[in-house]
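Spelled out, the chains give:
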Amino acid sequence: MMHQRFKTKEEKSKFKQILEAISKLGTKELLVYWMDQEVKEAEMYHRLYAISSEVNWDEKVSKLFLDMYNDCLEHAETLLKLYRTMYPDEEVIKVDLPALEVELSEKRLRDLVYQGRLQEILEYLMGTEKIAHDVYEYLAKQTTDEEVKAILKWLAEIENGHYEKLRKLYVELFGENPEEEK
């Protein structure tokens, strides 16, 4: 059973605040915010790749983590190119908003890996990809700016692709579909 994403009212409230703040970002800020999110996600996948290489798991697991790392970096790069195309004479701005996708701490990742809890790790990662997808979809519906809407829909597809890669490996390794969060 996948653990509940938000354990407390405070966590739910924080998530709603971040979501609200993101929905108020303009195109420029949105590009920078998600560029940053992709880099953070890449770092997490790289940590998972490094840690999972140390344990005796199916090599498909380490390979997927490495692929996801490279995917995220590529997406960040694409967002940066898009930013530079749209705002050619401007420096990349700073957007100071907390991450929407909750990251597992290095210690928590190590614990889960060394305890052999791959199923839990994959469920968690699928959950974060699904949240990101749903957020992009939600924000795309909220905006009237066609440029922003197109970017958000593209980002939703990326996150859906991440989810599907994780889900496919999950099914391959555990012979069943992951239980969806209620």
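The structure under discussion appears in the preceding block.
Residues numbered from 1 in each chain as written. Predicted model: local features only at pLDDT ≥ 70, side-chain atom pairs only at ≥ 80, totals over all residues. Heavy atoms only, no water.

Caption draft 1: Fine view of the packing of aromatic side chains. One pass over the full model with this rule turns up 5 aromatic pairs. When the ring of Y33 is compared with that of W34, the centres are 5.0 Å apart and the planes differ by 85°; the resulting orientation is edge-to-face. In this structure Y33 comes out as buried when scored by relative accessible area, which is 1%. Aromatic rings pair up to connect Y33, W34 and Y136 into one cluster. Seen from the ring of Y87, K28 lies directly overhead, with NZ or CZ sitting 5.0 Å from the centre. (Phe/Tyr/Trp six-rings, centres within 6.5 Å; stacked < 30°, edge-to-face > 60°. Buried < 20%, exposed > 50% of the residue type's maximum accessible area, 1.4 Å probe, protein only. Lys NZ or Arg CZ within 6 Å of the ring centre and 35° of its normal.)

Caption draft 2: Just the nonpolar core, in detail. Formed by 30 residues in total, the largest nonpolar core has its most connected members in I22, Y33, W34, L100 and V135. Looking at this core, the elements that each hand over two or more residues are α1 (9-23), α2 (27-52), α3 (59-86), α5 (118-142) and α6 (146-174). Excluding anything up to four places from it in sequence, Y33 contacts I18, I22, L25, V95, L97, P98, A99 and L100. Formed by 25 residues, the second largest nonpolar core is a distinct cluster that contains Y45, L64, Y124 and L166. (Core = buried A, V, L, I, M, F, W, Y, C linked by side-chain atoms within 4.5 Å. Helix = DSSP H or I, 4+ residues; strand = E, 2+ residues; numbered from the N terminus. Contact = heavy atoms within 4.5 Å.)

Caption draft 3: Examining the environment of E77 more closely. Among the structural elements, E77 can be located in helix α3. Separated by 16 residues in sequence, E77 and V61 have C-alpha atoms that sit 24 Å apart.

Caption draft 4: Seen up close, the pattern of salt bridges. Scanning all chains against the criterion turns up 10 salt bridges. Across the pair K24 and E20 runs a salt bridge, and its minimum N-O distance is 3.9 Å. You can call K24 exposed: its relative accessible area is 64%. You can call E20 partly exposed: its relative accessible area is 48%. Between K63 and D67 there is a salt bridge; the shortest N-O distance is 2.9 Å. Residue K63 and its partner D67 are located together in helix α3, separated by 4 residues, close to a single helical turn. Via salt bridges that share partners, D58, K60 and E172 belong to a single interconnected network. (Salt bridge = Lys/Arg side-chain N within 4 Å of Asp/Glu carboxyl O.)

Caption draft 5: The arrangement of the packing of α2 against α3 in detail. One can describe the packing of α2 onto α3 by two numbers: an axis separation of 8 Å at closest approach and a directional angle of 160°. One element, α2, and the other, α3, form an angle in the roughly antiparallel class. For the element pair α2 and α3, the recorded crossing hand is left-handed. Its residues assigned to classes, the contact of α2 with α3 comprises 21 nonpolar, 5 polar and 3 charged. (Axes fitted to C-alpha atoms, helices over the stretch in contact; angles between N-to-C directions. Parallel < 35°, antiparallel > 145°, perpendicular 65-115°, else oblique. Left-handed = near helix turned anticlockwise from the far one by under 90°. Nonpolar A, V, L, I, M, F, W, Y, C, P; charged D, E, K, R; others polar.)

From the geometry alone we can't say anything about function, so treat these as descriptive.
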